[in-house]
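Notes for the structure review
Residues per chain are reported as follows:
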Amino acid sequence: MQFLSQFRPQGLAVSLEREADNSFDTNAIKVRVHIPSIRKQTVIGYIPAQIARELAKAIDIGCEIKAMFKGVIGSYAYKESLGALINIAV
């Protein structure tokens, strides 16, 4: 996340990848960030389970899901972790 914070959010793309065969959660949805300016991509984590449960249903019936990277959040105090703010539209 620290690495991603050096890029403008508008310059990054997000894709959501359904992982029905995930051994921990059959509704798992992986979040992949694409960095076109350096031709790289990275997995930054998973959609929270409560949201993934409903979003997975929409993906499974063929709904188009769009995601937009809005920015890196967190790290406001010592030892706080970083996260990503992502806008998801169905």
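Everything in this summary refers to the structure shown in the same document.

What counts as what
- Residues numbered from 1 in each chain as written.
- Predicted model: local features only at pLDDT ≥ 70, side-chain atom pairs only at ≥ 80, totals over all residues.
- Heavy atoms only, no water.
- Pairing = 2+ DSSP bridges.
- Helix = DSSP H or I, 4+ residues; strand = E, 2+ residues; numbered from the N terminus.
- Axes fitted to C-alpha atoms, helices over the stretch in contact; angles between N-to-C directions.
- Polar contact = N/O pair within 3.5 Å; in protein donor to acceptor, adjacent residues only side chain to side chain.
- Contact = heavy atoms within 4.5 Å.
- 1 Å grid on protein atoms, 1.4 Å probe; cavity = no way out; pocket = protein on both sides within 12 Å on 5 of 7 lines; lining within 4 Å.
- Points joined across faces, edges and corners; volume = space filled by probe spheres on them.
- Phe/Tyr/Trp six-rings, centres within 6.5 Å; stacked < 30°, edge-to-face > 60°.
- Buried < 20%, exposed > 50% of the residue type's maximum accessible area, 1.4 Å probe, protein only.

**Overview of the sheet that holds strand β2 (residues 29–35)**
Sheet architecture is open: three strands sit in the order β1-β2-β3, paired in antiparallel fashion. If you trace the sheet from one side to the other, it starts and ends with β1 (13–18) and β3 (40–46), each paired once. Neighbour-to-neighbour, the strand axes of the sheet open up by a mean angle of 25°, direction not taken into account. Two elements, β1 and β2, share six bridges in a ladder whose sense is antiparallel. By the bridge assignment, Leu 16 is partnered in β2 with Val 31.

**Regarding the side chain of Glu 19**
By the secondary structure assignment, Glu 19 is in the loop between β1 and β2. One polar contact links Glu 19 to Tyr 46, side chain to side chain, over a distance of 3.0 Å. Filtering out sequence-adjacent residues up to four positions away, Glu 19 remains in contact with Asp 25, Thr 26, Ala 28, Lys 30 and Tyr 46.

**Side note on the layout of surface pockets**
Size it by volume and the largest pocket reaches roughly 200 Å³. Along its surface, the largest pocket is lined by 13 residues, and Tyr 46, Ile 47, Pro 48, Ala 84 and Ile 86 are the ones closest to its centre. Of all the elements in the fold, those that place two or more residues in the lining of the largest pocket are β3 and β5 (82–89). For the lining of the largest pocket, the element with the highest residue contribution is β5, accounting for five residues.

**Describing the pairing of β3**
Two strands pair when backbone bridges link them, and β2 and β3 are joined in this way by six bridges, in the antiparallel orientation. The residue bridging Arg 32 from the neighbouring strand is Val 43, located in β3.

**Some words on the environment of Tyr 46**
Relative to the helices and strands, Tyr 46 resides in strand β3. On a C-alpha basis, the gap between Tyr 46 and Lys 30 in space is 4.5 Å, while along the polypeptide they are 16 residues apart. Contact partners of Tyr 46, with chain neighbours within four places excluded, come to Glu 19, Asn 22, Ala 28, Ile 29, Lys 30 and Val 31.

**Quick notes on the packing of aromatic side chains**
Scanning all chains against the criterion turns up one aromatic pair. Aromatic side chains Phe 3 and Phe 7 sit 5.3 Å apart centroid to centroid with 70° between the ring planes, which places their arrangement in the edge-to-face category. With relative accessibility at 45%, the residue Phe 3 sits in the partly exposed group.

**Thoughts on the side chain of Asn 22**
By the secondary structure assignment, Asn 22 is in the loop between β1 and β2. Taking the relative accessible area as the measure of exposure, Asn 22 reaches 15% and is therefore buried. For Asn 22, the side chain forms a polar contact with the side chain of Glu 19, separated by 3.0 Å. Among the polar contacts made by the side chain of Asn 22, one reaches the main-chain amide nitrogen of Phe 24 at a distance of 2.7 Å. Leaving out residues up to four positions away in the same chain, Asn 22 has contacts with Ala 28 and Tyr 46.

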